[in-house]
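Listed here are the chains, written in short residue letters.
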Amino acid sequence: RKLRWTPTEVQGPGHFAVKVVATDRGTPAASAELNLDLTVTEANSAPTVASVTPQSVEVGQQLVVPLSIGDDDLPAQTLSLSLVSAPVGVTLNGNAIHWTPTLVQAGNQAITVRVADSGSPSLAAETTIAVTVTAPPPVAPTVTTREQGGRIVLAFTSVLGRTYRLESRAQLGSGNWAAQGAALPGTGSMLTVEAPISLAAEFFRVTVDCSRGRRLL
């Protein structure tokens, strides 16, 4: 005969007293006892992180993905989330992924996160989330130009997530285009850029960085 017992999570760690009594069928019946002191040790189980359905987000828009994590160990352990691999700009805020993709990140992306417990040894689980980043549809820009006090002023509609640059050169048909000032991120509304007019800068253009490279606005 064997004594069998599978303790549950709530029973470990702990100490338990077990009395075993064996009685025969004689007349009168005789019996014997055995007292056992059983020790149940804690066995760490791995945490869990639920899989996430594929996500889709447009360039310049914020993606927020809540994560469902858990652990069956008792007493309750501390769980920590971390990024295993992710595009630039992805962050963890509490139990959620936050990301606002840029235009150069348009396409198929993947984010892998890990949840680890505070057990000894620490155990972990991972999940990977597929994200499709779509570029905003092309918008026909509205451009206005004017000269003001020896300076050229250009105003145009911009697309969120794209980058714009004002460039100039002395002759329309030859020479290299030189940047005028820093690049400007699109805001989704009107942008205004200006630069002084000189012999070295008589012709101006605005370029925009897009998924197909840099092109004229």
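Heads up: the structure comes first, above all this text.
This one's a predicted model, so the numbers in the text were calculated from it and none came from an experiment. (Residues numbered from 1 in each chain as written. Predicted model: local features only at pLDDT ≥ 70, side-chain atom pairs only at ≥ 80, totals over all residues. Heavy atoms only, no water.)

1. Concerning the pattern of salt bridges
Inspection of the entire model under this criterion finds 4 salt bridges. For the salt bridge of Arg114 with Glu126, the shortest nitrogen-to-oxygen distance reads 2.5 Å. Taken as a pair, Arg114 in strand E10 (residues 107-116) and Glu126 in strand E11 (residues 124-134) lie far apart in primary sequence, 12 residues in all. What makes Arg114 partly exposed here is its relative accessible area of 33%. Using a relative accessible area of 42% as the deciding quantity, one classes Glu126 as partly exposed. Residue Arg151 is joined to Glu194 by a salt bridge in which the shortest nitrogen-to-oxygen separation is 2.7 Å. (Salt bridge = Lys/Arg side-chain N within 4 Å of Asp/Glu carboxyl O. Helix = DSSP H or I, 4+ residues; strand = E, 2+ residues; numbered from the N terminus. Buried < 20%, exposed > 50% of the residue type's maximum accessible area, 1.4 Å probe, protein only.)

2. Some words on unusual backbone geometry
For the bond from Thr27 to Pro28, the omega torsion is -5°, close enough to zero to count as cis. Along the chain, the position of Pro28 falls in the loop between strand E1 (14-23) and strand E2 (31-40). Of the consecutive residues Leu74 and Pro75, the connecting peptide bond is found in the cis state with omega at 0°. Among the structural elements, Pro75 can be located in the loop between strand E6 (69-70) and strand E7 (80-85).

3. Thoughts on the sheet that holds strand E5 (residues 63-66)
Read across the open sheet, the 3 strands follow the order E5-E9-E8; overall the sheet is antiparallel. Looking at the sheet topology across the chains shown, the edges are occupied by E5 and strand E8 (91-93). Each neighbouring strand pair of the sheet contributes to a mean axis angle of 25°, computed without reference to strand direction. Here E5 runs beside strand E9 (residues 96-99); their pairing, made up of 4 bridges, is antiparallel. Following the sheet pairing, Leu63 is matched in E9 by Trp99. (Pairing = 2+ DSSP bridges. Axes fitted to C-alpha atoms, helices over the stretch in contact; angles between N-to-C directions.)

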